[in-house]
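# Tertiary structure, described
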Amino acid sequence: MGEDGPAMLSRRDVLGLVAAAAGLAACPARAAAIACGTPWRDWHAFVQRHVQDDGRVIDFSYPDQRSTSESQSYALFFALVDNNPVLFDRILAWTRRHLCGGRPDLNLPAWLWGRAGDGQWRVLDGNTASDGELWIAYALLEAGRLWNRPGLAQAGRQILGLMRSAEVVELPKFGPMLLPGNRGFVHRDRWILNPSYLPLFALRRFAAVEPRGPWARLAERSVAMLRAASPTGFAPDWIAWNGEAFVADPSKGAVGSYDAIRCYLWAGMTDPGEPLRRQLLDALPGPVRLLRAQGGFAEKIQTRSGSGTGAAPAGFSAALLPYLSALGQPAMAAAQAAHIPAPGPAADALGYYDRVLVLFGRGWMDRRFRFAADGRLLPAWSHTCSAKT
């Protein structure tokens, strides 16, 4: 490791992590009490680095210093988990003003905003990205419920309506599916899809909010898609439906990497009471098999052969924590946790996406939040902490 990397752990350290993970799993109330009784250092450091005072979330790893509907959506979610309505409102206001053209009731957010070649700051690509919209809608619905702000919940339902109109399609011989955006994903002979855009718990929540909508059927079809798209147990970043079967995306290939890692993350965070959870986890045995075979994960997986190349970044290790926990692999989880730097200078050196995955993975392991079987968000402050606040 370099000077900014985490120090190597001794065998005693790793065994300690195993015991700690097992202890938290055996005593959820204790873990939740820890979560609600201590500041969320990972999130507060992320805000200091990536969130401007006006609510814009910046990814500095690109020359255009971009903001995306994804980055805004994740920040909304984490601000809700941290019980910070003031920050939530700032992030939401920037998103509406700059990505929705000031009319979020009419416009889905543009996916990309940043510094153009002429030096001006503006929308760089007006296409939509349904993963960002999904998480914005989810954060609004749950903020409205948890903070008793009906206007936010109504705004979430408006986004769902816009998504239904622009991005939900009926795939022939398969059923309803959510397109990655409203342009460029439907071709004469195929539909391009992204499995990581469909967290099952969010679809369950949408189905509860809109019982007559496509969401319950979409939840079932999303799991069927992932099972068919992952023949060796590894999720792909992108997949294509040709009208008969799921095939590799001709332009991206059968590769699982920075998008696909979220499929394992979402599966691991799914509540045991979800009827499709077992099918979802059974579709994704690849990471456990790879970790057992070589002790580490890979940056890129050839999903048709199951072979991996490149060293996985720290964010991948964080994303695997809930997945390994769900599969009853505490030793593997502890080994992955050892690759994630603790809050401090080494963690601050991580890029935007790695830090997002750490917020999800380590935040979930610390029980700062859970998702109920019906998709409701269960932040630690809403139950265990309620008597203390």
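Residues numbered from 1 in each chain as written. Predicted model: local features only at pLDDT ≥ 70, side-chain atom pairs only at ≥ 80, totals over all residues. Heavy atoms only, no water.

## Looking at the packing of helix α13 (residues 314–326) against helix α14 (residues 330–337)
Where α13 meets α14, the axes come as close as 9 Å, and the angle between the chain directions of the two elements is 165°. Considering the angle they form, α13 stands roughly antiparallel to α14. Seen along the crossing, α13 lies across α14 with a hand that is left-handed. Contacts between α13 and α14 pair Ser317, Leu320, Leu321 and Leu324 from the former with Met332, Ala333, Gln336 and Ala337 from the latter. (Axes fitted to C-alpha atoms, helices over the stretch in contact; angles between N-to-C directions. Helix = DSSP H or I, 4+ residues; strand = E, 2+ residues; numbered from the N terminus. Parallel < 35°, antiparallel > 145°, perpendicular 65-115°, else oblique. Left-handed = near helix turned anticlockwise from the far one by under 90°. Contact = heavy atoms within 4.5 Å.)

## Focus on the pairing of strand β2 (residues 112–115)
For a regular strand, side chains alternate in direction, first toward one face of the sheet and then toward the other. When strand β1 (residues 67–68) meets β2, the two strands line up antiparallel, connected through two bridges. Within β2, the position partnered with Thr68 by the bridge is Leu112. Bridge count between β2 and strand β3 (residues 121–125): four bridges; the pairing is antiparallel. Residue pairing for β3: Leu112 is matched across the bridge by Asp125. (Pairing = 2+ DSSP bridges.)

## Focus: the sheet that holds β1
Spatially, β1-β2-β3 is the arrangement adopted by the three strands of the open sheet, whose pairing is antiparallel. Of all the strands in the sheet, the pair left with one neighbour each is β1 and β3. Each of β1, β2 and β3 touches helix α5 (residues 85–99); the most contacted strand, β2, lies at about 85° to it.

## Some thoughts on the nonpolar core
Within the largest apolar cluster, 113 residues are counted, with the highest numbers of intra-cluster contacts made by Trp43, Phe77, Phe88, Trp135, Phe206, Phe297 and Phe360. Ranked by the residues each element gives to this core, the list is headed by helix α6 (residues 130–146), at 10 residues. The contacts of Phe77, once residues within four sequence positions are left out, are Trp135, Tyr138, Ala139, Phe360, Phe369, Phe371 and Leu377. (Core = buried A, V, L, I, M, F, W, Y, C linked by side-chain atoms within 4.5 Å. Buried < 20%, exposed > 50% of the residue type's maximum accessible area, 1.4 Å probe, protein only.)

## What to know about the confidence of the model for the chain
Considering every residue of the chain, the mean pLDDT works out to 91; 89% of them sit at 70 or more. Every residue in residues 1–30 is under pLDDT 50, and counting partners more than four places away or in other chains gives 21 contacts. (pLDDT = per-residue confidence, 0-100.)

## Points about the side chain of Glu167
Tracing the chain through its elements places Glu167 in the loop between α7 (150–166) and β4 (168–171). Buried Glu167, no salt bridge; nearest opposite-charge side chain is Arg183, N-O distance 9.1 Å. Only 2.6 Å separates the side chain of Glu167 from the side chain of Thr128, close enough to count as a polar contact. Beyond its immediate chain neighbours, meaning those up to four positions away, Glu167 contacts Leu108, Thr128, Ser130, Glu133, Met177, Leu178, Leu179, Gly181 and Asn182. (Lys, Arg positive; Asp, Glu negative; His and termini not counted. Salt bridge = Lys/Arg side-chain N within 4 Å of Asp/Glu carboxyl O. Polar contact = N/O pair within 3.5 Å; in protein donor to acceptor, adjacent residues only side chain to side chain.)

## Describing unusual backbone geometry
One non-glycine residue, Gln65, lies in the positive phi region at around 45°. Along the chain, Gln65 falls in the loop between α3 (41–50) and β1. Using a relative accessible area of 26% as the deciding quantity, one classes Gln65 as partly exposed. Its identity is not glycine, yet Asn148 carries a phi of approximately 55°, on the positive side. Tracing the backbone through its elements, the reader meets Asn148 in the loop between α6 and α7.

## A short note on the packing of aromatic side chains
Scanning the entire structure with this criterion turns up 36 aromatic pairs. With a centroid separation of 6.4 Å and 50° between ring planes, the pair formed by Tyr258 and Tyr353 is classed as tilted. Taken as a pair, Tyr258 in the loop between β9 (255–256) and α10 (261–269) and Tyr353 in helix α16 (residues 352–365) lie far apart in primary sequence, 95 residues in all. Tyr353 gets classed as buried once you look at its relative accessible area, which sits at 17%. (Phe/Tyr/Trp six-rings, centres within 6.5 Å; stacked < 30°, edge-to-face > 60°.)

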